Amino acid sequence: MEIRYKSDANHNYMIVKRGGDVRTNQEKMVIRNSIKGLLKMNLHFVNESAFYYYEIQSRQSLSRLFEGRKMSFEDLCSFLYGMVRVFKELEAYLLPTEGIILDPEAIYVDMESCNPEFAFYPASSIGNVQEGFLSLSEFLTEHIDNDDCRSVQLAYDYYMSVSDGVYSPEGILKTRSVTSNMADPEKEKCTPEDLIPSAGETKDEGTEFDYWETEEDMSELDYFMKDEKKNGEEKGSLKVAFISLGLILAAAVIYLVLVLNPSILSFPELSEKEYIISGCVIALLFGAALTAVIFFYNRQRIRESENAEAEKKKRLEKRVDDPLSANEIEEYGSFSQKETVSDADDDRTTLLCSSGSRSFPLLSGKEFGKDICFTIDKDPFVLGKKRDKADGVIEDRSVSRIHASISEKNGRYFLSDMNSTNGTYLNGRRLELNETVGLEDGDTLGLADVFLKFSSGHATPGLRPVRSC
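Quantities reported herein were computed from a predicted structural model and do not represent experimental measurements.

Examining the pattern of salt bridges
Under the definition given, this model contains 15 salt bridges. Lysine 386 serves as the salt-bridge partner of glutamate 112, at 3.0 Å between the closest nitrogen and oxygen. You can see glutamate 112 sitting in the loop between strand E6 (108–109) and strand E7 (116–117) and its partner lysine 386 sitting in the loop between strand E12 (381–384) and strand E13 (392–393), a full 274 residues away along the chain. A relative accessible area of 11% places lysine 386 in the buried class.

See the structure below:
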């Protein structure tokens with residue numbers, strides 16, 4: 001299946017050509033409805049050919065987001081829970097799971113939560129379903145953090161589930177367990193091979209535990225389902241509002257009946273005018289009291305929800321059974337050694353740390369009138385303004401959170417656009433979405449309004465300038 005990309009003034013699209021075996025009922029269902037977990041799809045005709053346009057604005061493909069990077073346990077959980085939601089949505093709309101495109105290049109994820117969105121292709125068949133899910137599960141096992149045994153266990157469990165023909169990860173998220181040796185925090189590294197019992201070996205029933213052993217830990221599952229909780233809270237508020245509206249209408253009808261038929265319930269001591277005035281006062285008081293009740297009820301629910309979310313996040317951040325991986329420790333150590341540049345020293349080169357005898361290409365330019373310089377010492381080297389995802393952080397507002405990347409292959413460097421909003425440029429030419437081009441010494445890179453010069457002359461061996469030149 002050929003995938004192309006296109007960008008216009010306000011949208012970025014992934015484009016797939018429409019086949020001849022389209023199921024029009026499924027096509028109409030996806031186009032006319034906003035289905036959670038599926039990319040928004042439209043049908044366009046170009047030169048008598050039909051194409052599906054999937055909107056991918058502000059998202060990254062799964063393959064590009066984790067190219068050269070590892071998925072954390074939380075990322076993997078969020079992704080698998082997102083798959084569960086997609087399966088449930090497809091079932092609700094009577095759409096087959098066989099219709100989703102399982103190529104990691106066509107699966108887009110939210111950069112903050114790692115929730116996936118799939119492209120649905122409404123054809124009678126788009127290939128072997130099990131092979132597609134096996135390929136996806138293999139991608140997950142290859143990109144999880146092998147230093148986190150929980151990630152290895154969960155990814156391996158899903159791979160085995162797919163091998164058995166069960167594609168939804170809902171079951172393993174709820175019921176799968178791991179042996180006690182996999183929970184040992186002293187164990188430095190584990191691989192899927194560690195999870196396969198040796199010949200004749202059996203599991204000890206007394207030493208097993210679930211991913212979330214206690215009731216308190218189980219509540220952390222809700223952290224990955226916060227969208228559903230939010231929807232539930234909104235529905236609860238709407239229910240209260242409808243009940244209140246119904247009570248007001250009932251009170252109004254009763255009042256009108258009494259006014260039009262005073263013989264039903266009359267008060268001789270009141271004149272007709274006083275009767276009407278008192279009814280209006282009672283109605284106003286009733287409405288004010290009802291409004292106050294609804295207001296304080298909703299405010300209390302919001303406060304309780306915020307407190308619960310804050311507590312869950314605090315527990316997740318303080319987990320003692322999730323130590324830093326070796327890569328994270330190394331990254332933290334190198335970060336702590338970095339020195340900052342004072343305003344008085346902006347015109348001087350800051351030498352930060354030794355990198356041995358290897359030399360690296362440089363990107364240099366200006367941001368907010370100050371010199372910046374990046375050493376291309378990772379593969380891929382990601383540029384953008386999102387600090388926890390980008391290797392070279394550019395804070396200009398025109399730059400996307402993950403804007404572009406530079407990768408190395410056989411000694412040559414390549415620039416790739418990463419579905420940026422305002423475009424990536426090479427020597428004045430705007431790259432197509434997700435296009436990759438080769439770099440030469442002296443090339444000028446444009447990331448929206450920020451321009452950088454690529455130098456393959458390499459940094460001085462043993463010195464790594466970062467951010468400042």
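A short note on the packing of helix H4 (residues 129–143) against helix H5 (residues 149–163)
In the contact formed by H4 and H5, the axes pass within 9 Å of each other and the chain directions differ by 170°. The orientation of H4 with respect to H5, classified from their angle, is roughly antiparallel. Contacts from Gln130, Phe133, Leu134, Ser137, Glu138, Leu140 and Thr141 in H4 reach Ala155, Tyr156, Tyr158, Tyr159, Val162 and Ser163 in H5. A class-by-class count of the residues in the contact of H4 with H5 yields 8 nonpolar, 4 polar and 1 charged.

Section: the packing of aromatic side chains
A full pass over the atoms with the stated rule returns 8 aromatic pairs. Seen in terms of ring centroids, phenylalanine 87 and phenylalanine 133 are 6.0 Å apart; in terms of plane orientation they differ by 45°. Their pairing is tilted. Of this pair, phenylalanine 87 sits in helix H3 (residues 73–92) while phenylalanine 133 is found in helix H4, placing the two residues 46 residues apart along the sequence. Here phenylalanine 87 and phenylalanine 133 have matching classes, each one buried. With centroids separated by 4.5 Å and ring planes inclined at 0°, the aromatic side chains of phenylalanine 133 and tyrosine 167 adopt a geometry described as stacked. Here the residue phenylalanine 133 occupies a position in helix H4, and tyrosine 167 occupies one in the loop between H5 and helix H6 (170–175), the gap between them amounting to 34 residues.

Thoughts on the confidence of the model for the protein
Per-residue confidence for the protein averages 75 on the pLDDT scale, and 68% of its residues sit at or above 70. Ranking the helices and strands of the protein by mean pLDDT puts strand E16 (residues 424–426) first, with 95, and strand E9 (residues 209–210) last, with 38. In the predicted structure, residues 195–225 sits below a pLDDT of 50 and forms 53 contacts with residues beyond four places in sequence or in another chain. With pLDDT under 50 throughout, residues 459–469 is counted as low confidence; its partners more than four residues away or in other chains account for 46 contacts.

What to know about the side chain of glutamate 27
Among the secondary structure elements, glutamate 27 is positioned in helix H1 (residues 24–32). Classification of glutamate 27 by relative accessible area gives buried; the value is 6%. Setting aside residues up to four positions removed in sequence, glutamate 27 forms contacts with Arg18, Val22, Met41, Leu43, Tyr52 and Pro122.

Let's talk about unusual backbone geometry
Put simply, aspartate 379 and proline 380 share a cis peptide bond, and its omega is 0°. Relative to the elements of secondary structure, proline 380 occurs in the loop between strand E11 (370–375) and E12. For asparagine 434, which is not a glycine, the phi torsion comes out positive at approximately 65°. Looking at where asparagine 434 falls in the secondary structure, it is placed in the loop between strand E17 (429–430) and strand E18 (436–438). Even without being glycine, alanine 448 reaches a positive phi, approximately 60°. Note on placement: alanine 448 falls in the loop between strand E19 (444–447) and strand E20 (450–455). For alanine 448, a relative accessible area of 7% puts it in the buried group.

Considering the packing of H3 against H5
Their axes nearest at 9 Å, the elements H3 and H5 cross at an angle of 25°. One way to sum up the angle between H3 and H5 is to call them roughly parallel. When the axes of H3 and H5 are compared, the crossing they make is left-handed. Seen from H3, the contacting residues are Phe73, Glu74, Leu76, Cys77, Leu80 and Met83; seen from H5, they are Arg150, Ser151, Leu154, Ala155 and Tyr158. Looking at the contact of H3 with H5, its residues break down into 8 nonpolar, 1 polar and 2 charged.

Here we look at the sheet that holds E7
Here 3 strands make up an open sheet; going across it, the order is E5-E6-E7 and the pairing antiparallel. The open sheet has two edge strands with one neighbour each: strand E5 (60–61) and E7. Relative to E6, E5 is paired through 2 bridges, and the arrangement is antiparallel. Considered in E6, the bridge of serine 61 is made with tyrosine 108.

A word on the nonpolar core
If you look at the biggest cluster of nonpolar residues, it comprises 61 residues, and the most contacted ones within it are Met14, Tyr54, Phe79, Leu80, Met83, Phe118 and Phe133. Within the residue set of this core, elements represented by two or more residues are strand E2 (12–17), strand E4 (49–55), helix H2 (62–65), H3, E6, H4, H5 and H6. With 11 residues, the top contributor of residues to this core is H3. The residues contacting phenylalanine 79, other than those within four sequence positions of it, are Leu62, Met71, Ile107, Val109, Cys114, Pro116, Phe118, Leu136 and Leu140. Among the nonpolar cores identified, the runner-up in size contains 21 residues, and Phe381, Ala404, Leu452 and Phe454 belong to it.

So, how was this worked out
Residues numbered from 1 in each chain as written. Predicted model: local features only at pLDDT ≥ 70, side-chain atom pairs only at ≥ 80, totals over all residues. Heavy atoms only, no water. Salt bridge = Lys/Arg side-chain N within 4 Å of Asp/Glu carboxyl O. Helix = DSSP H or I, 4+ residues; strand = E, 2+ residues; numbered from the N terminus. Buried < 20%, exposed > 50% of the residue type's maximum accessible area, 1.4 Å probe, protein only. Axes fitted to C-alpha atoms, helices over the stretch in contact; angles between N-to-C directions. Parallel < 35°, antiparallel > 145°, perpendicular 65-115°, else oblique. Contact = heavy atoms within 4.5 Å. Nonpolar A, V, L, I, M, F, W, Y, C, P; charged D, E, K, R; others polar. Phe/Tyr/Trp six-rings, centres within 6.5 Å; stacked < 30°, edge-to-face > 60°. pLDDT = per-residue confidence, 0-100. Left-handed = near helix turned anticlockwise from the far one by under 90°. Pairing = 2+ DSSP bridges. Core = buried A, V, L, I, M, F, W, Y, C linked by side-chain atoms within 4.5 Å.

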